[in-house]
Amino acid sequence: MAILRLNKVSKHFEVRPGLVDKYVKKQPVRFIKAVESVNFSLEENEVLGIAGESGCGKSTTCMMIAGLLPPSSGEILYNQKKITQLMAEESRWYRSQVQMIFQDPYESLNPRFNVFDTVAEGPRALKLFPETEIADRTEDMLKSVGLSPDKYANRYPHEMSGGERQRGGIASALVMEPRMVLADEPLSMLDVSIRAGILDLMNELAVQRNFSCVYVSHDLSILGHVADRLMIMYLGQAMEIGPTWDVIENPKHPYTKALINAVPVPDPRVRRPIPNIKGDISRPIDPPPGCRFQARCPHADQSCQENFITLQTDCDGQHHAACHRLDEFEV
């Protein structure tokens, strides 16, 4: 049974016009449609990867799941409970069950808290355990992520390297033993030389602590190694979802194929064809009603400009794509 399910979830941000535009030019309120009608589910102990270019709605989706942003429409179900309708006690329980690892380890850590207080802050705020147990769990968690309590417990974020700060962020997310972790590009702000160590650490902790994970990344090579399923997004629209290597090796949607072909191959003898992508990047402010990729798609027709295709998924683990012309051309 799915631990998490999103049903037609959308998030629109209001863009208010300035005084001149509002009262002189009479411009209406516009909306940034960051996420539009997204559907997917997450199974127990599964890792779902979400990939796409900057601004496609990956982080916004994670923040809605974490309860940091309310969805504009649709419903998010955790253990078949709508998270927007949880009462105070249930909300505290949900926050202990779902934790987020943020992209920037420096911005996400309180500069006035040392490492020990940073990791212990969550259990203290939610009053999950007695203080003595919180101290023991915090020390054990620091050891698990490779930060010796004797050496790092009293250090502040500015006294640590990027990799050490990210380990502290991982520890603060996992100390409450969540059942679901939202990893929002946890390696993007780190040097390449230390990414492998952090990635191995997360894989090891996922096995040890038995949690499900939504892993967001630009890097398809990383998702190919950690994700069981992969979802591709473009300008707020979910384009394709399926088993990770099936999506990478046999993409169905034109955007997915272009995205994969853009990944460099570390072999100068291999030459990939230039993706047949045209036009300019669509704007997220009041986008046209059809497919978000239609302005750049070489196969788009009039129906693509008029009809928005919602990616329909279920718990069958099959390969799906949001394109009504899949049977008409070879992508």
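Predicted model, so just to flag it, every value in this text is computed and none were measured.

K.L.:
Tell me what's going on with the packing of aromatic side chains, and back it up with residues and numbers.
P.N.:
Inspection of every chain in the model, using the stated rule, returns 5 aromatic pairs. Ring centres of Tyr234 and Phe293 lie 5.2 Å apart, and the angle between their planes is 85 degrees; this geometry places the pair in the edge-to-face category. Of the two residues, Tyr234 is situated in strand E9 (residues 229-234) and Phe293 in the loop between helix H11 (254-261) and helix H12 (302-306); the sequence distance between them amounts to 59 residues. Each of the two residues, Tyr234 as well as Phe293, counts as buried. Three or more aromatic residues link up through ring pairs in this structure, and these residues are Tyr78, Trp93 and Tyr94. Here the basic side chain of Lys11 rests over the ring of Phe13, its NZ or CZ set 5.3 Å away from the ring centre. Its guanidinium or amino end placed over the ring of Trp93, Lys81 lies 5.4 Å from that ring's centre, counting from NZ or CZ.

K.L.:
Describe the sheet that holds strand E6 (residues 98-101), naming the residues involved and giving the relevant values.
P.N.:
Strand order in the open sheet made by the 7 strands is E6-E7-E8-E3-E9-E10-E11, with mixed pairing throughout. At either margin of the open sheet sits one strand with a lone partner, and together these are E6 and strand E11 (320-321). Taken together, the 5 bridges between strand E7 (residues 180-184) and strand E8 (residues 212-216) define a ladder with parallel strand orientation. Paired with Leu182 across the bridge in E8 is Val214. Relative to the sheet, helix H2 (residues 58-65) contacts strand E3 (47-51), E6, E7, E8 and E9, its axis offset from that of E7 by approximately 150 degrees.

K.L.:
Explain the nonpolar core residue by residue, including any values.
P.N.:
Generally speaking, nonpolar side chains in soluble globular proteins are found buried as a group. Counting residues in hydrophobic clusters, the biggest one holds 47 residues, and the most contacted among them are Met141, Val145, Ile170, Tyr215 and Leu230. In terms of residue count, the dominant contributor to this core is helix H8 (residues 192-209) (5 residues). Excluding residues that lie within four positions of it along the chain, Ile170 makes contacts with Ile101, Val145, Ile198, Leu201, Met202 and Leu205.

K.L.:
Explain the packing of helix H7 (residues 162-174) against H8 to me, and be specific about the residues and the numbers.
P.N.:
H8 packs onto H7 with a crossing angle of 15 degrees between their chain directions and a minimal axis gap of 11 Å. Taken together, H7 and H8 sit at an angle that is classed as roughly parallel. Considering how the two elements wind past one another, H7 and H8 form a crossing that is right-handed. In this structure, H7 uses Gly163, Gln166, Arg167, Ile170 and Leu174 to contact H8, whose residues at the interface are Ile194, Gly197, Ile198, Leu201, Met202, Leu205 and Arg209. By residue class, the composition of the contact of H7 with H8 is 7 nonpolar, 3 polar and 2 charged.

K.L.:
For a negative patch on the surface, give the residues involved together with the corresponding values.
P.N.:
Taken together, Asp136, Glu139, Asp140 and Asp150 make up a surface patch of like negative charges. For the negative patch, the leading source of residues is helix H5 (residues 131-144), giving 3 residues. Looking at the element boundaries, Asp150 is found in helix H6 (residues 149-152). Using a relative accessible area of 79% as the deciding quantity, one classes Asp150 as exposed.

Quick notes on the rules
- Throughout this document, residue positions are counted from 1 along each chain, in the order its sequence is written.
- Predicted model: local features are reported for residues with pLDDT of at least 70 only, side-chain atom pairs are reported and counted for 80 or more only, and whole-chain, interface and lining totals are derived from all residues.
- Each side-chain value is worked out from all heavy atoms of the structure, with water and hydrogens disregarded.
- Two rings from Phe, Tyr or Trp (for Trp, the six-membered ring) form a pair when their centres are within 6.5 Å of each other. A pair whose planes differ by under 30 degrees is stacked, one over 60 is edge-to-face, and the rest are tilted.
- Helix and strand assignments follow DSSP, with helices taken as H or I runs no shorter than four residues and strands as E runs no shorter than two, numbered in order from the N terminus.
- Only protein chains enter the accessibility calculation, which uses a 1.4 Å probe; a residue is then buried when its area is under 20% of its type maximum, exposed when over 50%, and partly exposed in between.
- Both a distance and an angle decide whether a charge sits over a ring: NZ of Lys or CZ of Arg must be within 6 Å of the ring centre and within 35 degrees of the ring normal.
- In this analysis, strands are considered paired if DSSP registers two or more bridges between them.
- Contact between two residues is taken to exist if any of their heavy atoms lie within 4.5 Å; hydrogens are not considered.
- To obtain each axis, a line is fitted to C-alpha atoms, and for helices this fit is confined to the stretch in contact; angles are then taken between N-to-C directions over 0 to 180 degrees.
- Residues belong to one nonpolar core when they are buried, are Ala, Val, Leu, Ile, Met, Phe, Trp, Tyr or Cys, and are joined through side-chain atoms within 4.5 Å.
- Between 65 and 115 degrees an angle is taken as roughly perpendicular, under 35 as roughly parallel, over 145 as roughly antiparallel, and anywhere else as oblique.
- Here a crossing is called left-handed whenever its near helix is offset anticlockwise from the far helix by less than a right angle, and right-handed whenever the offset is clockwise.
- For this classification, Asp, Glu, Lys and Arg are treated as charged, while Ala, Val, Leu, Ile, Met, Phe, Trp, Tyr, Cys and Pro are nonpolar and the rest, including Gly, are polar.
- Without a salt bridge and with relative accessible area above 30%, a residue can belong to a patch; like charges are then joined within 9 Å and nonpolar side chains (Val, Leu, Ile, Met, Phe, Trp, Tyr) within 5 Å.
- To be clear on the numbers: accessible area is Shrake-Rupley with a 1.4 Å probe, and residue cover counts the displayed protein chains and nothing else.
- Salt bridges are defined by distance alone: a side-chain nitrogen of Lys or Arg within 4 Å of a carboxyl oxygen of Asp or Glu.
- By the counting scheme adopted, Arg and Lys are positive, Glu and Asp are negative, and His together with the chain ends is not counted.
- Here the site of a charge means atom NZ of a Lys, CZ of an Arg, CG of an Asp or CD of a Glu.

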